[in-house]
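Residue strings, one per chain:
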Amino acid sequence: PYIEKRFGKLNCFSKFRHCYKLFLSFGKTLVDKAVFGILGKIEILSSQQDRDLCTDLYNQGKGLIFITAHCGAWQSAMAAFDFIKADKYVLYKRVKEDVDKQVFEHGNRKQNIKFIDPTGPYGGTVEMLSVLQKKSIVCVMGDRTFGSQKNEIAVNFLGHSINVPGTIYRIASITQTPIVIVFFPTKSDGKFDSMILDNFVVEDKGAKITNYKEYAEKFVNALEQFTKQYPYQFFNMYDMWKDKDNV
């Protein structure tokens, strides 16, 4: 579905060509992740400007929230922020059918990232509030929903409606934790960059999740910008648009 939404109506040959490039790019990303996990070899090309921005935001004393997506080297991405000495958490649901290994599961690498289950009690909200109050870093995938639909926000992505998680914006409004929208495009074998496209503090607009649509739109606009620049590095391999009406 992504290929058609990104490139428009295609004949069979063109669709095959785009799909081939997408899956080839995904395969390379998995190889890079395994090499990083086993050998610890990866080159992070993030700019000093990005590092300074994240450091300044974190030093405000409210913790830090990264919102990213299933793009580029997202599975290795938290290594890009080792320069910030803080506990790091990822909102992540591991299912028993998932055979894909995390970076630290390759070889004997030490796990320095903790996970918060988005399908747990209150969708992980209590845990996220707790760790942010302790000035930790939380990373959330902004392109995948879990749990109750009442915590989702409908937005327009590539010309059609999708639902994205909205709870993180409500949490950020309570804690006043800065949000950074960042992606991690692969530049070449074993090398990836950080691509910060927006950062902001969320205004408290009350408990209703849909009140935070403008912030969810900031994320989706950034994601569209990423897919325009790196069309073969968006790996959310399911139909995000299924049974959705245009907004």
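Structure first, text after, so check above.
Below, the structure is looked at part by part. Keep in mind the model is a prediction, meaning the values are calculated, not measured. (Residues numbered from 1 in each chain as written. Predicted model: local features only at pLDDT ≥ 70, side-chain atom pairs only at ≥ 80, totals over all residues. Heavy atoms only, no water.)

Attention shifts here to the overall build of the protein chain. Within the protein chain one finds 6 helices and 11 strands. Counting the 247 residues in the protein chain, one finds 48% classified as buried. A sequence separation of at least 24 residues applies to 74% of the contacts in the protein chain between residues at least 6 apart. Split by element, the accessible area of the protein chain, about 12,600 Å² in all, is 51% carbon and sulfur. (Helix = DSSP H or I, 4+ residues; strand = E, 2+ residues; numbered from the N terminus. Buried < 20%, exposed > 50% of the residue type's maximum accessible area, 1.4 Å probe, protein only. Contact = heavy atoms within 4.5 Å. Areas by Shrake-Rupley, 256 points an atom, 1.4 Å probe, with all protein chains shown as cover.)

A full pass over the atoms with the stated rule returns 2 cavities of 30 Å³ or more. Counted as a void, the largest cavity has a volume near 40 Å³. If you trace the largest cavity, you find it lined by Thr-29, Asp-32, Lys-33, Ile-42, Ala-73, Ser-76, Thr-186, Lys-191 and Phe-192. Within the residue set of the lining of the largest cavity, elements represented by two or more residues are helix H2 (12-39) and strand S10 (191-192). In terms of residues, the lining of the largest cavity owes the most to one element, H2, which gives 3 residues. In the lining of the largest cavity, the residues fall into 3 nonpolar, 3 polar and 3 charged. The calculated volume of the second largest cavity comes to roughly 40 Å³. (1 Å grid on protein atoms, 1.4 Å probe; cavity = no way out; pocket = protein on both sides within 12 Å on 5 of 7 lines; lining within 4 Å. Points joined across faces, edges and corners; volume = space filled by probe spheres on them. Nonpolar A, V, L, I, M, F, W, Y, C, P; charged D, E, K, R; others polar.)

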